[in-house]
Amino acid sequence: MRVVVAGTGYVGLTTAVCFASHGHQVRCTDIDESKIEMINMGISPIFEEGMNSLLKEVVESGQLTASTDLEKAVVSSDISFICVGTPNLEDGGIDLSQIRTVSASIGKALSNYDGRHVVVVKSTVLPGTSEETILPELEKNSGLKSVKDFGLCVNPEFLREGQAISDFLDPKNTGIVVGESDTESGDVLVKLYAGFNGSVLRTFLRTAEMIKYARNAYLAKDVSFANEIANICSTFSIDYLDVKKGMEMDSRIGEGRFLSAGLGYGGSCFKKDVSALIHRAESQGIEPNLLKEIEAVNEKQPTVILELAKKALGNLKGKKIAVLGLAFKEKTDDVRESKAIKIIDLFLTNKAQVVVFDPKAMDNAKKIFGVDVDYAENAENALKNCDACVVATEWPEFGNLKLFSNKEDLIIIDGRRILDWKSLPENIRYYGIGFPILNK
Ligand code: NAD
């Protein structure tokens, strides 16, 4: 099939590369010329495991090309995916400006289109957005009627940054959700996914939109629940990790992959989507108390690290604190809503001297902090002469005890509970989320 992808961020580029690798002819578009240039050279503008090699392969084979001209791309394609950003507005709602612009361009292209095109919304949008915003924009700019002249689908994306390629190529754990304006359009999208190993749920457009929010809110709930229980455990001299093991024995709770205690959820989705759902529920006259608490617990969690640092170091003024990890999670360079960034802000407000290191996210962090922090070349250098170290992202290398083996009198604050504290040298004082306060 001839596929167009509008927006080449984490979701768009992954979508484009993966469909191309399945033999489809893909053209991806973006307004950012530098991204388009890089993609056409086979170089990924983002860090994502396996992205560079797969991108290079599909560019060299001619399966994938990139351009800034969305309208031209749509005219010679069968199906187009909207993968642009839907960031929060100040009031928590979502900013649909990128969605509107792209929908208008696709609409204009459809006015010169021969055949029946299918437009697919992959960006996360609130229930009702496709019917109330995207569809009117497409109809107005094309002069066509939906269902009769073109189709509309909602196909929310469930990939996890850090394993975006493998999640997309193998959707058996998430399934494929297809919201459809009509059966014929849904059939086209289902056909495109032939060869991807995931069960398909076909439903209404707004139901598909809601499924994405319901899943993210559910997972965010687990994270905030874990953090609240972990914070209580600390004050009772209980290690939350032991409690978590005990919880996971109960098959009703299960594997509990989102029950890890830590700094709270970050990244481009959970916070944005929970806030947007709260905002939308309130506009419908519903008081979403649970969602609000999920958010409140999450916002407060970085202050737990600040309190641990103060407990360990006293006044933070002039203290040198190494922060290991800047990305919102391991295996990505994405620092959007990263809790590491929030913690660094708290340390700087308390006049600490901060030195940072992340294997992939240094460039993105430099755009935020400029000269306010020091940047180390590696984790070992970050730890030199520091008073305390905070593990803020669960990169596996930060869990390697060798990193700390020659350190004298170091204080470690494990914001991700990845260190085997029992095996740390005696002269290291260990603190962690959900760890008994001053147990060792
Ligand atoms: P992103 O910010 O990384 O990428 C968006 C891209 O769209 C940018 O490259 C931007 O330049 C481009 N763009 C903006 N206006 C454009 C236009 N008029 N024409 C063409 N391109 C344009 O965003 P993302 O993280 O890829 O997320 C995209 C959507 O997918 C969001 O709605 C997000 O909530 C959702 N989502 C994200 C993830 C994730 O893990 N990042 C997972 C699932 C769903």
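Before reading on, note that the structure itself is shown above.
Residues numbered from 1 in each chain as written. Predicted model: local features only at pLDDT ≥ 70, side-chain atom pairs only at ≥ 80, totals over all residues. Heavy atoms only, no water.

> So what about the layout of surface pockets? Which residues, and what values?
Taken as a whole, the second largest pocket encloses approximately 290 Å³ of empty space. If you go around the second largest pocket, you meet 13 residues; those closest to its centre are Tyr218, Asp222, Ile253, Gly256 and Arg257. It is helix H9 (residues 205–235) that contributes the most residues to the lining of the second largest pocket, five residues altogether. Broken down by class, the residue content of the lining of the second largest pocket amounts to seven nonpolar, one polar and five charged. (1 Å grid on protein atoms, 1.4 Å probe; cavity = no way out; pocket = protein on both sides within 12 Å on 5 of 7 lines; lining within 4 Å. Points joined across faces, edges and corners; volume = space filled by probe spheres on them. Helix = DSSP H or I, 4+ residues; strand = E, 2+ residues; numbered from the N terminus. Nonpolar A, V, L, I, M, F, W, Y, C, P; charged D, E, K, R; others polar.)

> Account for the sheet that holds strand E6 (residues 151–154), naming residues and giving values.
With respect to topology, eight strands assemble into an open sheet ordered E3-E2-E1-E4-E5-E6-E7-E8, the strand pairing being mixed. Among the strands making up the open sheet, the edge pair consists of strand E3 (64–67) and strand E8 (200–203). Going across the sheet, the axis of each strand differs from the next one's by a mean of 20 degrees, ignoring polarity. Pairing analysis gives four bridges linking strand E4 (residues 79–82) to strand E5 (residues 118–121), with the strands arranged parallel. The residue bridging phenylalanine 81 from the neighbouring strand is valine 120, located in E5. Across the face of the sheet, helix H2 (residues 33–40) comes into contact with strand E2 (25–29) and E3 while running at roughly 160 degrees to E3. (Pairing = 2+ DSSP bridges. Axes fitted to C-alpha atoms, helices over the stretch in contact; angles between N-to-C directions. Contact = heavy atoms within 4.5 Å.)

> Before we move on, could you go through the packing of helix H5 (residues 97–110) against helix H6 (residues 129–142) and cite the residues and values that matter?
The geometry of H5 relative to H6 is characterised by a closest axis approach of 7 Å and an angle of 35 degrees between their N-to-C directions. Read as a crossing pair, H5 and H6 show a hand that is right-handed. For the pair H5 and H6, contact is made by Ile99, Arg100, Ser103, Ala104, Ile106, Gly107, Lys108 and Leu110 and by Thr133, Ile134, Glu137, Leu138, Asn141 and Ser142, respectively. For the contact of H5 with H6, the per-class residue count stands at six nonpolar, five polar and three charged. (Left-handed = near helix turned anticlockwise from the far one by under 90°.)

> Please give an account of the environment of glutamine 301 that cites residues and values.
Within the fold, glutamine 301 resides in helix H12 (residues 289–313). With relative accessibility at 1%, the residue glutamine 301 sits in the buried group. Along the sequence, glutamine 301 and asparagine 227 sit 74 residues apart, while their C-alpha atoms lie 7.5 Å from each other. When residues no more than four places from it in sequence are discounted, the contact partners of glutamine 301 are Asn227, Asn231, Gly262, Leu263, Gly264 and Ile433. (Buried < 20%, exposed > 50% of the residue type's maximum accessible area, 1.4 Å probe, protein only.)

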